Amino acid sequence: GLDLRGTNATGISVDAGSTGSTFSFTETLIANATDYGVDLAANDSTYTFADTTISLNTALGGVRGNATGAMNFSNLNVTMNTGTSFIAGTAAPQAGDITINGTNSLVNSSTTAPAISARASMVDMTFNTITSGVANATGIAADFTGTGSGTFTVTDAFTVGGAAGSAANVNDDGAVTVSVP
């Protein structure tokens, strides 16, 4: 595995010169990055992360996916106390396909930013649990504004602002099918 604990600006960074490549990371621990846990710059490469733990306290975001290639995550455990979203910064052009499957949990204590925010061509995301710090009655815990299509599923617990969340806590532009407990 790869252990990236420390005060690096970014845990894993792949720049724009890596066009058309395939990158795989297994049993990766990313903690205490100050910019992004993972920064995937503008290119069309494919990224796969298996058995990954991301724990951030001061970063700009968990994953910045400005790449048009695919991002695949399985068995993901994310804890964020940063005031930012897990997937952030997917600026124009939108990110490629983002797939999250397996056993996945996301805890984001931000009271202002969605727990997860993605602007992608397609999302296929399944989480066992998501806990978001945004206010339950009005907060958006998952934001897929600008995403072309896909599914977002939470199987066990979707907690928003300390209470059970609902589809009203997900902004999907109507293009993403949402299923929460």
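Shown above is the structure to which this text applies.
Conventions we followed
- Residues numbered from 1 in each chain as written.
- Predicted model: local features only at pLDDT ≥ 70, side-chain atom pairs only at ≥ 80, totals over all residues.
- Heavy atoms only, no water.
- Helix = DSSP H or I, 4+ residues; strand = E, 2+ residues; numbered from the N terminus.
- Buried < 20%, exposed > 50% of the residue type's maximum accessible area, 1.4 Å probe, protein only.
- Contact = heavy atoms within 4.5 Å.
- Areas by Shrake-Rupley, 256 points an atom, 1.4 Å probe, with all protein chains shown as cover.
- Core = buried A, V, L, I, M, F, W, Y, C linked by side-chain atoms within 4.5 Å.
- Pairing = 2+ DSSP bridges.
- Phe/Tyr/Trp six-rings, centres within 6.5 Å; stacked < 30°, edge-to-face > 60°.

Peer 1: Please give an account of the overall build of the chain that cites residues and values.
Peer 2: Each helix and strand in the chain was counted, giving zero helices and 17 strands. Among the 181 residues that make up the chain, the fraction classed as buried is 45%. Taking the intrachain contacts of the chain between residues at least 6 apart in sequence as the baseline, contacts between residues at least 24 apart amount to 76%. Taken as a whole, the chain presents about 7100 Å² of accessible surface, with 49% of it coming from carbon and sulfur.

Peer 1: Describe the nonpolar core, naming the residues involved and giving the relevant values.
Peer 2: Counting residues in hydrophobic clusters, the biggest one holds 41 residues, and the most contacted among them are Phe86, Ile98, Ile100, Ile116, Met125, Phe144 and Phe152. Of all elements in the fold, only strand 2 (10-14), strand 3 (22-31), strand 4 (36-40), strand 5 (46-56), strand 7 (71-80), strand 9 (98-101), strand 12 (122-132) and strand 14 (149-160) reach the threshold of two or more residues within this core. Those residues in contact with phenylalanine 86, other than ones at most four positions away along the chain, are Ile54, Gly61, Gly62, Val63, Leu76, Val78, Met80, Ile100, Leu106, Asn108, Ala115 and Ile116.

Peer 1: Just give me the short version of the pairing of strand 9, but keep the residues and values in it.
Peer 2: Judged from the four bridges that link them, strand 7 and strand 9 form a sheet pairing that is parallel. Bridge assignment links methionine 71 to a residue of strand 9, and that residue is isoleucine 98. Note that strand 9 and strand 12 share three bridges and pair parallel. Pairing of isoleucine 98 across the sheet is with valine 123, part of strand 12.

Peer 1: Quick one: what's the story with the environment of threonine 22, residue by residue and with numbers?
Peer 2: Its location among the elements puts threonine 22 in strand 3. With a relative accessible area of 60%, threonine 22 lands in the exposed category. Counting along the chain gives 23 residues from threonine 22 to serine 45, while the straight-line C-alpha distance between them is 5.7 Å.

Peer 1: How would you summarise the side chain of serine 110 if you had to cite specific residues and measurements?
Peer 2: Of note, serine 110 is situated in the loop between strand 10 (105-108) and strand 11 (116-117). A relative accessible area of 3% places serine 110 in the buried class. Discounting chain neighbours no more than four positions away, the residues touching serine 110 are Gly83, Thr84, Gly133 and Val134.

Peer 1: If you had to explain the sheet that holds strand 16 (residues 170-171) to someone new, which residues and values would you point to?
Peer 2: Each strand in a sheet pairs with another by means of backbone hydrogen bonds, the pair being arranged parallel or else antiparallel. Across the sheet, three strands lie side by side as 11-13-16; this open sheet has parallel pairing. Both outer strands of the open sheet, strand 11 and strand 16, are each paired with one neighbouring strand and no more.

Peer 1: Go over the packing of aromatic side chains, please, and point to the residues and values.
Peer 2: Any pair of aromatic rings gets described here by the distance separating the centres and the angle formed by the planes. In total, this model carries seven aromatic pairs according to the counting rule given. For the pair phenylalanine 25 and phenylalanine 49, a centre-to-centre distance of 4.8 Å together with 15 degrees between the ring planes defines the contact as stacked. Of the two residues, phenylalanine 25 is situated in strand 3 and phenylalanine 49 in strand 5; the sequence distance between them amounts to 24 residues. With respect to class, phenylalanine 25 is no different from phenylalanine 49; both count as buried. The class for phenylalanine 49 is buried, based on a relative accessible area of 1%. One aromatic cluster is present, formed by Phe25, Phe49, Phe73 and Phe86 through successive ring pairs.

Peer 1: Kindly report on unusual backbone geometry, identifying the contributing residues and their values.
Peer 2: Excluding glycine, most residues fall at negative phi; most peptide bonds, likewise, are trans. Of note, the phi angle at glutamate 27 is positive, near 50 degrees, even though the residue is not glycine. For aspartate 51, which is not glycine, the phi dihedral falls at a positive 55 degrees. Examined against the element boundaries, aspartate 51 turns out to sit in strand 5.

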